[in-house]
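Here are the chains, one letter per residue:
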Amino acid sequence: MTRPEHSDKADLVRYLQESRDALLWKLDGLSEYDARRPLTPTGTNLLGLVKHLTGVELGYFGDTFGRPYFTGQPLPGWWWTETTDPHADMYATPDEPREAVTDLYRRAWQHAQATFDALPLDAVGHVPWWPEERREVTLHHIMVRVTADTQRHAGHADILRELLDGSAGLLAGKDALATGDAEDWARHRDRVRRAAEEAGAR
């Protein structure tokens, strides 16, 4: 059965949006410090993931298809053309309010949606920061790529938030976890630990 393009595109947008929402939800209720502090040896932090994916969306759904977001306004210092620091988009500086970071992420969604509405899935774009021989892409390819990237970072956010305060789940009202209270989870964790110890002792 041949599906209309609008249905295929709607599926892509749906799963991209679900991962966007999941990522932002992981910031709910956190202090400024906890939203920003590094939780891995490589500095991964929740607000930094949002800032990074903002740049991903603005670049791939904007510049790649001749629809730059920052037309007529100064480029942010962390933008890929403006910095030599490869980590500049992976954390928020003290003078970048959390609300400004999350607001720009939501505006990136709107900018992306305008691209989705204007172009067919087979529309051709060019990724300016890729090697010349690989720059030509389709909107379909980029939508899949950005969704995969966002899902990956949403998974990072799941783990970071659980490490911070034990909160877990996919979305508000849709946690996608096996049912259980704190005691159930403690028993499960102990069972996993014992299985690892037994396997490691063999």
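Residues numbered from 1 in each chain as written. Predicted model: local features only at pLDDT ≥ 70, side-chain atom pairs only at ≥ 80, totals over all residues. Heavy atoms only, no water.

For this particular structure, what's the right way to read the pattern of salt bridges?
In a structure, side chains of opposite charge can pair up when their charged atoms sit close to one another. According to the stated counting rule, one finds 14 salt bridges in the structure shown. A salt bridge links R20 to E57; its shortest N-O distance comes to 2.7 Å. Within this pair, whereas R20 is found in helix α1 (residues 5-25), its partner E57 is found in helix α3 (residues 46-60), the two being separated by 37 residues in sequence. Accessibility expressed as a relative area gives 2% for R20, which makes it buried. Judged by its relative accessible area of 1%, E57 is buried. Here R98 ties to E32 by a salt bridge, and the two come within 3.3 Å at their closest N and O atoms. Highlighted residues: R98 in helix α4 (residues 98-118) and E32 in helix α2 (residues 32-36), separated in sequence by 66 residues. A relative accessible area of 13% means that R98 is categorised as buried. One network of salt bridges, in which partners are shared, links D190, R193, R194 and E197. (Salt bridge = Lys/Arg side-chain N within 4 Å of Asp/Glu carboxyl O. Helix = DSSP H or I, 4+ residues; strand = E, 2+ residues; numbered from the N terminus. Buried < 20%, exposed > 50% of the residue type's maximum accessible area, 1.4 Å probe, protein only.)

Quick question: what am I supposed to make of the environment of H140 here?
With respect to the secondary-structure elements, H140 resides in helix α5 (residues 139-165). Overall, the relative accessible area of 39% leaves H140 in the partly exposed class. Taking C-alpha positions, H140 is 27 Å from V101, a pair spaced 39 residues apart along the chain. Excluding residues within four positions of it along the chain, H140 makes contact with L12 and L121. (Contact = heavy atoms within 4.5 Å.)

Function cannot be read off these values alone, since they describe shape.
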